[in-house]
Amino acid sequence: MRNTPPPPRRVRAAHESKSAAVRAAAAAPSRRQQSKWQREQHQQHRLYIAIGVLVVVVGGIFLGGIFYDNVVRANEVIAQIGPDSVTASQLLGEVRPAAKSLDAQAKQFGGGTNIANYVDQQKRNLPDQTLSDIIDKRLIQQEAARRGISVSPAELDDKERQTVADFQAVSNPAPTPQPTSAPDSSDAAVAADTAATAAASIVATPAAAASPSAPTTPTVVPTLDTSAYAPALQQLLDKNNLAEPDFRDRLLQGMLRERLQTAIGQEQVPDTQDQVHARHILVATQEQADSVLAQLQAGADFAALASQVSTDPGSKDKGGDLGWFAHGVMDPPFETAAFALQPGQLSDVVHGANGFHIIQMLERDPARAVPADQLTSQRQKAFTDWLASRRSSQDVKLQLSQPARDWILTRIGMRP
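The notes below deal with the structure included here. Note that the structure is predicted; figures quoted are calculated from it, not measured.

A few words now on the overall build of the protein chain. Each helix and strand counted, the protein chain has 13 helices and seven strands in total. The buried share of the protein chain, taken over its 416 residues, is 30%. Sequence separation of 24 or more characterises 75% of the internal contacts of the protein chain that already satisfy a separation of 6 or more. Total accessible area on the protein chain is roughly 25600 Å²; 55% of this is exposed by carbon and sulfur atoms.

Here we take up the packing of helix 4 (residues 113–147) against helix 12 (residues 372–391). Where helix 4 contacts helix 12, the axes come no closer than 10 Å and their chain directions differ by 105°. Here helix 12 runs roughly perpendicular to helix 4, going by the angle between their axes. Contacts between helix 4 and helix 12 involve Asp-136, Leu-139, Ile-140 and Glu-143 from the first element and Phe-383, Trp-386, Leu-387, Arg-390 and Arg-391 from the second. Class assignment for the residues of the contact of helix 4 with helix 12 results in five nonpolar, no polar and four charged.

Turning our attention to unusual backbone geometry. A positive phi is found at Asn-241, a non-glycine position, where the angle reads about 55°. Summarising the element assignment, Asn-241 is placed in the loop between helix 7 (226–239) and helix 8 (244–268). Among the residues examined, Asn-241 registers a relative accessible area of 31% and is labelled partly exposed.

Another aspect to go through is the nonpolar core. Core analysis: the biggest nonpolar cluster contains 48 residues, and Ile-78, Leu-91, Leu-131 and Phe-247 have the highest contact counts within it. At the level of elements, strand 1 (77–81), helix 3 (88–108), helix 4, helix 5 (153–171), helix 7, helix 8, helix 12 and helix 13 (402–411) are the ones that each hand at least two residues to this core.

Time to look at helix 3. End to end, helix 3 covers 30 Å across 21 residues, agreeing with the expected 30 Å (1.5 Å per residue, within 8%). All of the buried residues along helix 3 are Ala-88, Leu-91, Leu-92, Val-95, Ala-99, Ser-101, Leu-102 and Ala-106. Buried positions along helix 3 lie against strand 1, strand 2 (84–87), helix 4 and helix 13. Just downstream of helix 3, Gly-110 is the residue with a positive phi angle, here 90°.

Procedures and definitions
- Residues numbered from 1 in each chain as written.
- Predicted model: local features only at pLDDT ≥ 70, side-chain atom pairs only at ≥ 80, totals over all residues.
- Heavy atoms only, no water.
- Helix = DSSP H or I, 4+ residues; strand = E, 2+ residues; numbered from the N terminus.
- Buried < 20%, exposed > 50% of the residue type's maximum accessible area, 1.4 Å probe, protein only.
- Contact = heavy atoms within 4.5 Å.
- Areas by Shrake-Rupley, 256 points an atom, 1.4 Å probe, with all protein chains shown as cover.
- Axes fitted to C-alpha atoms, helices over the stretch in contact; angles between N-to-C directions.
- Parallel < 35°, antiparallel > 145°, perpendicular 65-115°, else oblique.
- Nonpolar A, V, L, I, M, F, W, Y, C, P; charged D, E, K, R; others polar.
- Core = buried A, V, L, I, M, F, W, Y, C linked by side-chain atoms within 4.5 Å.
- Expected span 1.5 Å × (residues − 1).

What follows is the structure, encoded as structure tokens:
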């Protein structure tokens, strides 16, 4: 007889059970069983509801964080300049190209720990530095609009062609005939470096305008033929990590700044001013100054004494002669004393920034033409002072919080 396994035992359902009690219980459960089943069903429902609520809460937190980070934080106003506001996202749009430019420079220098640390520090300063630049730009735009100063599209096109041609001329100079007397190689290298730096500054700092007061003559706009212009423009853009619209905007802002600087300079600094012609003797101590003054009052020759004892290297060999100067050129205590004198009169001892002076005013002209270099310096200072006063005015409100600064740094790949 074969050893065959017994057939599997069939488990009957409750309604198939032979037990009448089991069948009766399944057909008509007791109240206790019904209550138990209901409790189990309610517990399952509550569990499903809790899981659903948790999912909704977690999703809401996640979506809320995304919304806050990309909408609320991005639209946070971080500066108010008159009627114009600057948001965090607008600042980020200006910071990103600058950060990419720093990365490109780091690659050009070959990297390394020192370069990496330097770039890291520069990037951390970008939010504040860039916001300061934006404020200056907005102030200049607002004042230019108020004065009716503008740049036409044709003028901007000319400026772009000129800048590209100048850049090309420096980057790829044409061969020049060998001079009869060849310069020293070190001088040639210095000249080449100077030219390259000047060309780079055309693009890197277009807002740094040339002197507004220097006499100008119409300049023929350099041109490149079509085949040469496009690659030269692209080379310039690549070198400065710029897109052409950004490049044109920089040129536009530079031209507006230059024209506004000219207008403010001419308005605040006239071509002719009240000036004095004076000479002085500069010494290190009060005792020396008292001795020099006593000698001059006793009849000593001013020029001879200046050449002997004055510590001013720029004037002592000229008998202390400073030439003509207007207001705003000299140290304030010196200037006040000089303009208070009459021709031929000596001052008392004047304590200035560089030491102790005895001043003699030689002559005065209330409407003397200002030398070109002094006029340029004064007009640049007038514009700089105007811009500084506008920055500190009540119209400019800075609201760059640390969280907003950290948000920008995170967006350029920096750990706050």
